[in-house]
Each structure stands twice: as C-alpha cells, then as structure tokens.
Amino acid sequence: MDPVEDTLRRLREAFSSGRTRPAEFRAAQLQGLGRFLQDNRQLLLDALAQDLHKSNFEAEVSEIAISQSEVDLALRNLQTWMKDEKVSKNLATQLDSAFIRKEPFGLVLIIAPWNYPLNLTLVPLVGAIAAGNCVVLKPSEISKSVEKVLAEVLPCYLDQSCLAVALGGPTETARLLEHRFDYIFFTGSPSVGKIVMAAAAKHLTPVTLELGGKNPCYVDDDCDPQTVANRVTWFRYFNAGQTCVAPDYVLCSPETRERLLPALQNAITRFYGDDPQSSPNLGRIISQKHFKRLQGLLGCGRVAIGGQSDESELYIAPTVLVDVQETEPVMQEEIFGPILPLVTVRSLDEAIDFINRREKPLALYAFSNSSQVVQRVLAQTSSGGFCGNDGFMHMTLASLPFGGVGASGMGRYHGKFSFDTFSHHRACLLRSPGMEKINDLRYPPYSPHNLRVLLVAMEERRCSCTLL
Ligand code: NAD
C-alpha cells in the first residue's frame, strides 16, 4: 500500500474511534506540545540559528514564546471554547434548545513555510489539536534544521496515532494534496496558495490560506522621523526582512523622505553596528535562490543606505532604496528581504490611491502624530490587519484575528480564532417529541390565518426569556 495512504488511514481510524474528542485528551496533547517547547528550547534555538542565523532574541520572541503562549491560552480556555454556544430563538422554538456545537473537522492538513518555521507550524497545530482533529503536519523542506526537529522530536511528545509529520517539497506535497482531507490550512506564497486551493476544490475541502504580498507603510509629514525610523527599521530588518507582515515599502512626501533617510541610517547603525555583517542580531537569507532574487532587487532605483551583499554567507545588508519606478521588480513583487524602498507621493490622497490600486495587503501601516490621518488611512483602505504608528505589533495579540483579505489570503487564526477555524460550527436544534398540537398550524390545509401566525412565530426574537 502507498505509505501516505496507510498513514492517512491510520489517522482516520484514530479520529473515528473518538479518541481526540474528550477535553482531557486535547489538554494532554497541548501539554505535550508545551513540554516539547520547554525540553527542546536549546535544540530549537540552534536549529533556527542554523536555518536563518536567527538570534536567540528574535527566536524567543517570534517563535518559541509565541507558540508557548498559544498553548497556554488554549489550555486555559479549552473548556469554555468547547462549550455549546446557546443562541437566541424565535417564538416557534421557544421551548426548544438551540445551540452551536463546535465539532472537529476530522483529518486536517497544515502546510507551513520556512520563514518562521516553528511558529507557523505550531500555532496552527495548537488550534487543530484544541479543536479535536487528527493532523498531518507538513513543515517547509527549506528550513531543514527545524524540519528535522519537528519530524524526529515533536512526535515523541504527542499521540502518534493522531499526528503525522510529512516531509518533502513541492512534489511530495502535491502528492499529499491528491488525498482527501477535511480541512487544509496553508501558509505560504500566493502562487502555491492557488495550487493548494485547486487541489482542495477537487474534494470540496475547505481551506484557510495565509498568504503574502506587499505591505504599504504610509509616513505622514507630521511625525517624529527618528521614532518612525526606529520602528520601521526594527520591523523591516527583523528576521532579515523575511516576514510576511513586514513593511514592504514606505510611502511619504519628498520632504519626509529627506528627513527619514538620516534617521534610518542612524537606526540601522545603532541596531546592527557600522558593519552589520558582523552583527549577531541580523539574520541571513534562507537560500541561494532567494539570495540571488534579492541581489537582483538591489539594482532597482538607487541605493541610499546599505546595498552590500556576500553570497558565501547569504548576507544582504540592511538596505534603503530611493527613486524606484513602480514598474521595477522591487515594486512588483513581495520583497521578503532586508530591502526597503522609499516611494514618494505628493499627498495623503495620492498615498491612499496608490495603496488601493494594488492587491489588498496582509498588513498596512500608517505613521502620524495626527490620529485623523491614521483614521483616514484605516477608513479608506482595506488589508488583513492594520497597525497605526508601529510595525506588526497587532499580530502579537491573540485577541485579534490574523489573516489576509483578497490576494493576501482567506480565513483567520490565533487564539480562539484558531479553535474556531479548525471547528465545524454545527447548527443544532433539539425539539420536544410532544406538543404536536402547536405544529398543526404549519400543516395543510393551509390558511391565511395560519400563515400570519406562523410568520410571527418565526420572526427573530431578541429576548430568549419570554414564554409563549
Ligand atoms: P511557498 O509557498 O513556496 O511554500 C510553502 C509550503 O508549500 C512549503 O511547505 C512548501 O513545501 C509547499 N510547496 C511549495 N511549492 C509547492 C507546490 N508547487 N505544490 C505544493 N506545495 C508546495 O512559500 P515559502 O517560500 O515557504 O514562504 C514564503 C511565502 O509565504 C511568502 O509569500 C510569505 O509572504 C508567505 N507567508 C505568509 C504568512 C502569513 O501568515 N500570511 C506567513 C509567512 C509567510
């Protein structure tokens, strides 16, 4: 038998046995996930350093702590999230019980990218386990060291009859996608997102697509340039710019651009020293392929800061570009590296128009001392998430949904949103087998009087406490 088929059959049997349904089982799996993070902290830090030259600081903040806090949140709230949700009723169902039951989908597939290889694998996994599913986890084959830990160590902490880690790249994933899953959660590029969605459509499998794109960052004239530069620099060059929610380009007036340039230089030197290549705090590009792509982008416009690269170390300096044309590759594709173009616009209206002429981004940023300006950008644009006067801080809140809109994706997760994403919301109404007399008015022979009464009885009621 095909080994994939064999694994999927095993997982389906485990799901059908009902093993994953009790809260105690889900909690035990989540505790196992927490122990995996605690026991293997150094192993994970080393793997992240090997794959991306990720500093311990960035690895702790963006990979380990965030995964652990999702585990803790799910453990604290599991019982509440799993409870049936009572809903309001109409007159006709006043004596009945109406509720939403959160059911696990069954067998779910989680496909992850390489840029936050731990976070983007484990955070969806928390939601899938909490919701009571069996899981096939497909980490990225490009972040090899983390993939190895996830394949060899993680399963020791979880019930292996309910979880399988699948390895491989596009060919193996395509083969996996030929099989039927009950839900697919994909994080990655829009082009692969289309492949995943097309494969899911063959089985009518629902999907969440967490995709990427170009995130605009508007900087108003009314701002403190050094504060803006500190914040933009940290978020742009965090993980060497390989972040789906990183500010991709700055939109500002020519005057603000001139004030921002020395402030950006100042921030870059303070954060990474005079020689950023020797800084332990700056990551590296994941692969030769991405290095070459980014090296190509350094030729767009004019280099105002940085611009150096070293292929032997997959190093690209924190770079700021000016005078780029909209038609150049750096403004056509998601940069996904430590390069920041400053694009000039003459007004806020022009900036909003620039943003709205493009695909809806995953994140949008607006910096201004004026709350009206920030509110205008928020009101007149659309994006997956929005943060005023900072970078991607909004995604550190598990109380906010994380996900894209339009070309940046569909669906949402983090915290309770993850639990809901991996649950089927089943509409349930439990009626009394008696009191048939009341139902008489809905049966033929129909009459105008019965119709009037029935329409009133079926009207949405605000209050569920009134009796007939
Ligand atoms: P990718 O789309 O190349 O790969 C993602 C996953 O899909 C990997 O596991 C890979 O093995 C698999 N895959 C690749 N090609 C495939 C194919 N032809 N058929 C089936 N599966 C295939 O993405 P990436 O390079 O790993 O990650 C970078 C992209 O991910 C960027 O566009 C970035 O914006 C996006 N991203 C989005 C988020 C988010 O939360 N929205 C987070 C991180 C990254």
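Conventions we followed
- Residues numbered from 1 in each chain as written.
- Predicted model: local features only at pLDDT ≥ 70, side-chain atom pairs only at ≥ 80, totals over all residues.
- Heavy atoms only, no water.
- UniProt positions renumbered as here; feature names shortened; annotations may be inferred.
- Pairing = 2+ DSSP bridges.
- Helix = DSSP H or I, 4+ residues; strand = E, 2+ residues; numbered from the N terminus.
- Axes fitted to C-alpha atoms, helices over the stretch in contact; angles between N-to-C directions.
- Contact = heavy atoms within 4.5 Å.
- Patch = residues over 30% accessible without salt bridge, like charges linked within 9 Å, V, L, I, M, F, W, Y side chains within 5 Å.
- Areas by Shrake-Rupley, 256 points an atom, 1.4 Å probe, with all protein chains shown as cover.
- Salt bridge = Lys/Arg side-chain N within 4 Å of Asp/Glu carboxyl O.
- Buried < 20%, exposed > 50% of the residue type's maximum accessible area, 1.4 Å probe, protein only.
- Near = heavy atom within 4 Å.
- Polar contact = N/O pair within 3.5 Å; in protein donor to acceptor, adjacent residues only side chain to side chain.
- Nonpolar A, V, L, I, M, F, W, Y, C, P; charged D, E, K, R; others polar.
- Parallel < 35°, antiparallel > 145°, perpendicular 65-115°, else oblique.
- Left-handed = near helix turned anticlockwise from the far one by under 90°.
- Phe/Tyr/Trp six-rings, centres within 6.5 Å; stacked < 30°, edge-to-face > 60°.

- The protein chain has the name Aldehyde dehydrogenase in an unreviewed UniProt entry, where Marmota marmota marmota is given as its organism.
- Check the Sequence similarities (unreviewed entry) section of the UniProt entry for the protein chain; it says "Belongs to the aldehyde dehydrogenase family."

**Comments concerning the sheet that holds strand S14 (residues 339-344)**
Turning to step 1, where the next piece is worked out: The sheet built from seven strands is open, its strands ordered S10-S13-S14-S9-S8-S15-S16 with mixed pairing. A strand with exactly one partner marks an edge of an open sheet, and here the two such strands are strand S10 (302-305) and strand S16 (385-388). With strand direction ignored, the average angle separating the axes of adjacent strands in the sheet is 25 degrees.
Turning to step 2, where the next piece is worked out: Two elements, S10 and strand S13 (residues 319-322), share three bridges in a ladder whose sense is antiparallel. Within the sheet, the bridge partner assigned to Arg302 lies in S13 and is Val322.
Turning to step 3, where the next piece is worked out: Along the sheet face, helix H13 (residues 348-356) touches strand S8 (216-219), strand S9 (249-252), S14 and strand S15 (363-367) and points at about 150 degrees away from the line of S9.
Turning to step 4, where the next piece is worked out: Contacting S8, S15 and S16, helix H14 (residues 371-380) runs over the sheet at an angle of about 170 degrees to S16.

**So, a nonpolar patch on the surface**
Turning to step 1, where the next piece is worked out: Nonpolar side chains collect at one region of the surface, where Leu95, Met435 and Ile438 lie side by side and expose about 280 Å² of accessible area between them.
Turning to step 2, where the next piece is worked out: Within the element layout of this structure, Leu95 appears in the loop between strand S1 (85-86) and strand S2 (97-104).
Turning to step 3, where the next piece is worked out: You can call Leu95 partly exposed: its relative accessible area is 46%.

**Examining the sheet that holds S2**
Turning to step 1, where the next piece is worked out: With respect to topology, three strands assemble into an open sheet ordered S1-S2-S18, the strand pairing being antiparallel. Since the sheet does not close on itself, it has two edges, and those belong to S1 and strand S18 (423-430), each with one partner.

**Let's talk about the pattern of salt bridges**
Turning to step 1, where the next piece is worked out: Tallied over the full model, the rule gives 26 salt bridges.
Turning to step 2, where the next piece is worked out: For Arg284, the salt bridge goes to Glu313, with nearest N and O atoms at 2.9 Å. You can see Arg284 sitting in the loop between helix H10 (254-272) and helix H11 (288-297) and its partner Glu313 sitting in the loop between strand S11 (309-310) and strand S12 (315-316), a full 29 residues away along the chain.
Turning to step 3, where the next piece is worked out: In this structure, Lys416 and Asp420 form a salt bridge, with 2.9 Å as the shortest nitrogen-oxygen distance. Of this pair, Lys416 and Asp420 are both found in helix H15 (residues 415-421), four residues apart, which corresponds to roughly one turn of the helix.
Turning to step 4, where the next piece is worked out: Connected via shared salt-bridge partners are Glu85, Lys102, Lys416 and Asp420.

**With respect to the site of the ligand**
Turning to step 1, where the next piece is worked out: Inspection of the region around the ligand gives 26 residues, with Ala112, Glu141, Ser189, Leu211 and Glu334 positioned closest.
Turning to step 2, where the next piece is worked out: A distance of 2.6 Å separates an oxygen atom of the ligand from a polar atom in the side chain of Ser189.
Turning to step 3, where the next piece is worked out: At a separation of 2.5 Å, an oxygen atom of the ligand approaches a polar side-chain atom of Glu334.
Turning to step 4, where the next piece is worked out: Out of a free accessible area of 850 Å², the ligand has 90% covered by protein chains.
Turning to step 5, where the next piece is worked out: Across the shell around the ligand, the residue classes tally to 15 nonpolar, seven polar and four charged.

**Concerning the pairing of S13**
Turning to step 1, where the next piece is worked out: The side-chain alternation of S13 yields two buried faces, one formed by Thr319 and Leu321 and the other by Val320 and Val322.
Turning to step 2, where the next piece is worked out: The pairing of S13 with S14 spans three bridges and is parallel. Bridge pairing links Thr319 to Ile339 in S14.

**Points about the UniProt feature "domain: Aldehyde dehydrogenase" (unreviewed entry) in the protein chain**
Turning to step 1, where the next piece is worked out: When the UniProt feature table is mapped onto this chain numbering, "domain: Aldehyde dehydrogenase" (unreviewed entry) sits at residues 4-424.
Turning to step 2, where the next piece is worked out: This span, residues 4-424, is 43% helix and 17% strand, and a straight line between its end C-alpha atoms measures 25 Å.

**Quick look at the packing of helix H2 (residues 23-39) against helix H5 (residues 119-130)**
Turning to step 1, where the next piece is worked out: At their nearest, the axes of H2 and H5 sit 9 Å apart, and the two run at 160 degrees to each other. Looking at the two axes, H2 sits roughly antiparallel to H5. The hand of the H2/H5 crossing is right-handed. Residues Arg26, Gln29, Leu30, Leu33, Phe36 and Leu37 of H2 lie in contact with H5, whose contacting residues are Leu122, Leu125, Val126, Ile129 and Ala130.
Turning to step 2, where the next piece is worked out: Residue classes in the contact of H2 with H5 are distributed as nine nonpolar, one polar and one charged.

**Digging into unusual backbone geometry**
Turning to step 1, where the next piece is worked out: Of note, the amide linkage connecting Pro444 to Pro445 takes the cis form, showing an omega dihedral of 0 degrees.
Turning to step 2, where the next piece is worked out: Within the fold, Pro445 resides in the loop between helix H16 (436-439) and helix H17 (448-458).
Turning to step 3, where the next piece is worked out: With a phi angle near 55 degrees, Leu204 is a residue other than glycine that sits in the positive phi range.
Turning to step 4, where the next piece is worked out: A relative accessible area of 78% means that Leu204 is categorised as exposed.
Turning to step 5, where the next piece is worked out: The residue Met435 is not glycine, and still its phi comes out positive at about 55 degrees.
Turning to step 6, where the next piece is worked out: Counting through the fold element by element, Met435 comes out in the loop between S18 and H16.

**With respect to the packing of aromatic side chains**
Turning to step 1, where the next piece is worked out: Counted under the stated rule, the structure contains 14 aromatic pairs.
Turning to step 2, where the next piece is worked out: Considering the side-chain rings of Phe235 and Phe392, the 4.5 Å spacing of their centres and the 75 degrees angle between planes classify their relative orientation as edge-to-face. Taken as a pair, Phe235 in helix H9 (residues 225-237) and Phe392 in the loop between S16 and strand S17 (409-410) lie far apart in primary sequence, 157 residues in all. Each member of the pair, Phe235 together with Phe392, is buried.
Turning to step 3, where the next piece is worked out: Taken together, the ring pairs in this structure connect Phe105, Tyr183, Phe185, Phe402, Tyr413 and Phe422 into an aromatic cluster.

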